[in-house]
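Take a look at the letters that make up each chain.
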Amino acid sequence: MKLLDGTKFAEMVQMGSHHLTQNADFVDSLNVFPVPDGDTGTNMNLSMISGAKETAANAQKHIGKTAQSLAKGLLMGARGNSGVILSQLFRGFGKYLEKESEINAKQFAQAFQAGVDTAYKAVMKPVEGTILTVAREAAAKGMQVAEHEENIVKVMEAIVEEAKNSLQRTPDLLPVLKEVGVVDSGGQGLVIIYEGFLASLKGEALPQKSKVDSLEELVNAEHHRVQEYMSTEDIVFGYCTEIMVRFESGKEPFDESKFREDLSKLGDSLLVVSDDEIVKVHIHTETPGIVLNEGQKYGSLIKIKVDNMREQHSAIVNAEKTENQIKEKHPYAVVTVAMGEGISEMLKSIGASYVIEGGQTMNPSTEDIVKAVKEIGAEKVLILPNNKNIVMAAEQAVELLDIEAAVVPTKTIPQGMAAILAFNPEASIEENKEAMTEAMAAVKTGQITFAVRDTTIDGVEIHKDDYMALADGKIVASTTNMLDAARQLLTELIDEESEIVTMIYGEDVSEEEVNEMVQFIEEQYPDIELDLVDGKQALYPFIFSVE
């Protein structure tokens, strides 16, 4: 094949997207930290699906216009750092080809290189051993082969082969990958997309969708059935919980009938789909933590997603009520991101204008953030991501807004709290960003969560199901007892300069456990002012803010 047009390229995009969808769970499993919210595969998949939909809707024989459609879809659908970098790779790719109706092998390779150049410019501090390295080295190989090769298929073969080789080298560039024993998850996602491109060019079929992957379609149908005419008050089981478990020897032998019966006591809308290696579960429940525990009887949790349906449904209903109303312009707004009904209410109470539901298990897309800003009709806006994996999508959203806007790069809920409290409605965007960034730097963040696999990070030995204590993102302790982990974490965070501790407790923490932690803090740190927040967040039983 010496020439490639937009019609064929659109087919490549669909195949690349389809292949990533099949393997998103595998990419998620490669996340370095053994926390229950590894979502690189999910983010890349949702980003690529957005790009593929836009491509399919606007595919033309003109490859430049088709590539621009892919770039637009990816830009708006980008979620997480991996999704944003993916969108930048194809933004540069599309820009390079925008005037071309069809391209030869050399132009094809140069488009990949243009994508790499754009992505590197978009990242403030590029880190090698990541998706960027895989993209760069694969593009360089494509350029080299295209110097003497006219067949586009051969160039794509070279790009895929080098991408795979580069991926295997990522642990040599990032020591933490080698320590944990994985390759870079974002790089793996890119390899999977490129494999889809190549299969399309060669007219080859990719592996068929497995049985367990069909859960997504079942969930969509189930949600449509049970929520079609529902009011928020009618929701009895408020947390849409999805888990995926990989069976392990040494655990209980899997009995689907028994598992289904045990879970049926915990909620409704139960779906269980399994094969010889994996079981996927969807259930609406009031106790997602117990669902996770049931799954762990049979193996390792490799995918977790928990959504507050009351919050989601209420937001949908309210949006429908106000859809046709003319909104009053707000001179200034603070838009932030949070997971947990209690945390959202707390952020609003201290000054947030709008809280986008999202965070650890579901990063909002660039488009989600843009829509939220437009919905409140602000003239000026500050965006607080409250998660390191949402910062890039927020910055990309700012580029798409036609109002004065800036991102305060908060990476945790405590940082977001401190930043909001420093907001001054009389100050300029630049003055507020500086003051809020300074305020967030003065707060320490502690988090308790649980490990989804055995590993060792920074010298800390971690066992699956342990409770891990994270101090400003660094794992400082791992133990079988949740409250012991919390006590060790506070000992690490609190020093003689500390004055205020805010304890945000999650949905699965009992009143007795809260009281026990309060007693510990009051006895060990009598001069500390303690604030309590019923955050109702999933997966993280405790979040601590120390100032």
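This text follows the structure it describes.
Residues numbered from 1 in each chain as written. Predicted model: local features only at pLDDT ≥ 70, side-chain atom pairs only at ≥ 80, totals over all residues. Heavy atoms only, no water.

Examining the overall build of the chain
How we decide: Numbering goes from the N terminus for both helices and strands, where a helix is a DSSP run of H or I of at least four residues and a strand is a run of E of at least two. Here the term buried applies to any residue with accessible area under 20% of the maximum for its type, exposed to any over 50%, and partly exposed to those in between, with areas from a 1.4 Å probe on protein chains only. Should any heavy atoms of two residues lie within 4.5 Å, those residues are considered in contact. All accessible areas in this document rest on Shrake-Rupley with a 1.4 Å probe, and a residue is counted as covered only by the protein chains that are shown.
Scanning the chain from terminus to terminus reveals 20 helices and 18 strands. Counting the 547 residues in the chain, one finds 56% classified as buried. Residue pairs in contact within the chain that sit at least 24 positions apart in sequence constitute 72% of those at least 6 positions apart. Accessible surface, the chain as shown: approximately 23,700 Å² in total, 48% of it carbon and sulfur.

Digging into the sheet that holds strand β15 (residues 474-479)
Here is the rule: Two strands pair if DSSP finds at least two bridges between them. To define axes, lines are fitted to C-alpha atoms, for helices over the stretch in contact only, and angles between the resulting N-to-C directions are given on a 0 to 180 degree scale.
As summarised here, the arrangement of the six strands in space is β15-β14-β11-β18-β16-β17, forming an open sheet in which the pairing is mixed. At either end of the open sheet lies a strand with only one pairing partner, and these are β15 and β17 (529-534). This sheet shows a mean twist of 15° between the axes of neighbouring strands, independent of strand direction. The sheet contact formed by strand β16 (residues 500-505) and strand β18 (residues 542-546) spans five bridges and is antiparallel. Bridged to Tyr-505 within β18 is Phe-542. This element, helix α19 (residues 482-493), spans β11 (444-450), β14 (467-471), β15, β16 and β18 of the sheet and lies at about 160° to β11. This element, helix α20 (residues 511-524), spans β16, β17 and β18 of the sheet and lies at about 170° to β16.

Looking at the nonpolar core
Basically, it comes down to this: As used in this record, nonpolar core signifies buried Ala, Val, Leu, Ile, Met, Phe, Trp, Tyr and Cys residues forming a set joined through side-chain atoms within 4.5 Å.
Met-156 and Tyr-194 are the most contacted members of the largest nonpolar core, which has 89 residues in total. In terms of residue count, the dominant contributor to this core is helix α7 (residues 152-173) (nine residues).

Regarding the sheet that holds strand β9 (residues 380-384)
Taken in spatial order, the four strands of this open sheet run β8-β7-β9-β10, and their pairing is parallel. The open sheet has two free edges, formed respectively by β8 (354-357) and β10 (404-407), since each of these has just one partner strand. On average, adjacent strands in this sheet sit at an angle of 20° to one another, irrespective of strand direction. Alignment of strand β7 (residues 333-338) against β8, held across four bridges, turns out to be parallel. In the sheet register, Ala-338 faces β8, and the bridge partner there is Glu-357. In the packing of helix α18 (residues 429-441) onto the sheet, contacts are made with β9 and β10, and the angle to β9 comes to roughly 20°.

Here's the deal with the packing of aromatic side chains
Keep this limit in mind: Side-chain rings of Phe, Tyr and Trp, where Trp is taken by its six-membered ring, are said to pair if the distance between their centres is within 6.5 Å; with planes under 30 degrees apart they count as stacked, over 60 as edge-to-face, and otherwise as tilted. Geometrically, a charge over a ring is one whose NZ (Lys) or CZ (Arg) sits within 6 Å of the ring centre while staying within 35 degrees of the ring normal.
Scanning the model with the defined rule gives 15 aromatic pairs in all. Where Phe-93 meets Phe-112, the ring centres are 5.1 Å apart and the plane angle is 75°; that geometry is what we call edge-to-face. Remark: Phe-112 occurs in helix α5 (residues 105-122) and Phe-93 occurs in helix α4 (residues 80-97); sequence separation between them is 19 residues. Here the aromatic cluster, defined as three or more aromatic residues joined through ring pairs, consists of Phe-9, Phe-90, Phe-93, Phe-108, Phe-112, Tyr-194 and Phe-197. Positioned above the aromatic ring of Tyr-332 is the side chain of Lys-380, whose terminal nitrogen or guanidinium carbon lies 4.4 Å from the ring centre.

Observations regarding the pattern of salt bridges
For clarity, the cut-off: Whenever Lys or Arg places a side-chain nitrogen within 4 Å of a carboxyl oxygen from Asp or Glu, that contact is recorded as a salt bridge.
A complete count under the given rule lists 29 salt bridges for this structure. A salt bridge links Asp-25 to Lys-280, with the shortest nitrogen-to-oxygen separation between them at 3.2 Å. Linking Asp-25 in helix α1 (residues 6-28) with Lys-280 in strand β5 (residues 278-285), this pair joins segments that are 255 residues apart in sequence. For the pair formed by Asp-25 and Lys-280, the shared burial category is buried. Close ionic contact of Asp-172 with Lys-178 constitutes a salt bridge, the shortest N to O distance being 3.0 Å. Of the two residues, Asp-172 and Lys-178, neither departs from the other in class, the shared state being exposed. Linked by salt bridges that have partners in common, Glu-128, Arg-136, Glu-137, Glu-162 and Arg-169 make up one network.

Brief notes about the pairing of β14
Most of β14 sits out of view: four of its five residues are buried. Inspection of the sheet shows β11 paired to β14 by five bridges, in the antiparallel sense. Among the inter-strand pairings, Gly-446 is bridged to a residue of β14, identified as Ala-471. Relative to β15, β14 is paired through five bridges, and the arrangement is antiparallel. Bridging across to β15, Ala-471 finds its partner in Lys-474.

Re the packing of α5 against helix α6 (residues 131-146)
Rules: Roughly parallel covers angles under 35 degrees, roughly antiparallel covers those over 145, roughly perpendicular covers 65 to 115, and oblique covers all other angles. Crossings are assigned a handedness: left-handed for a near helix turned anticlockwise from the far helix by less than a right angle, right-handed for a clockwise turn. Polar here means any residue outside two lists: the nonpolar Ala, Val, Leu, Ile, Met, Phe, Trp, Tyr, Cys and Pro, and the charged Asp, Glu, Lys and Arg; Gly therefore counts as polar.
Put simply, α5 and α6 touch, their axes get as near as 8 Å, and they point 155° apart. One element, α5, and the other, α6, form an angle in the roughly antiparallel class. Seen along the crossing, α5 lies across α6 with a hand that is left-handed. Contacts between α5 and α6 involve Ala-105, Lys-106, Ala-109, Gln-110, Phe-112, Gln-113, Val-116, Ala-119 and Tyr-120 from the former and Leu-132, Thr-133, Ala-135, Arg-136, Ala-139, Ala-140, Gly-142, Met-143 and Ala-146 from the latter. Classifying every residue of the contact of α5 with α6 by side-chain character gives 12 nonpolar, four polar and two charged.

Topic: the side chain of Ser-166
With respect to the element layout, Ser-166 can be found in helix α7. For Ser-166, a relative accessible area of 0% translates into the label buried. Among all residues touching Ser-166, those that are not within four sequence positions of it are Thr-133, Val-134 and Glu-137.

A closer look at a negative patch on the surface
The cut-off we apply is this: Residues enter patches when they are more than 30% accessible in relative terms and free of salt bridges; like-charged ones are connected within 9 Å and nonpolar ones (Val, Leu, Ile, Met, Phe, Trp, Tyr) within 5 Å. Charge assignment: positive for Lys and Arg, negative for Asp and Glu; neither His nor the chain ends contribute. By convention, the point assigned to a charge is CZ for Arg, NZ for Lys, CD for Glu and CG for Asp.
Taken together, the side chains of Glu-496, Glu-497, Glu-499, Glu-529, Asp-531 and Glu-547 present a region of like negative charge at the surface. The topology assignment puts Asp-531 in strand β17.

Section: the environment of Ile-131
Within the fold, Ile-131 resides in helix α6. For Ile-131, a relative accessible area of 4% puts it in the buried group. As for Ile-131 and Thr-170, which are separated by 39 residues in sequence, their C-alpha atoms are 9.0 Å apart. Once residues within four sequence positions are removed from consideration, Ile-131 is found in contact with Met-44, Ser-82, Ile-85, Leu-89, Asp-184, Gly-186, Gly-187 and Leu-190.

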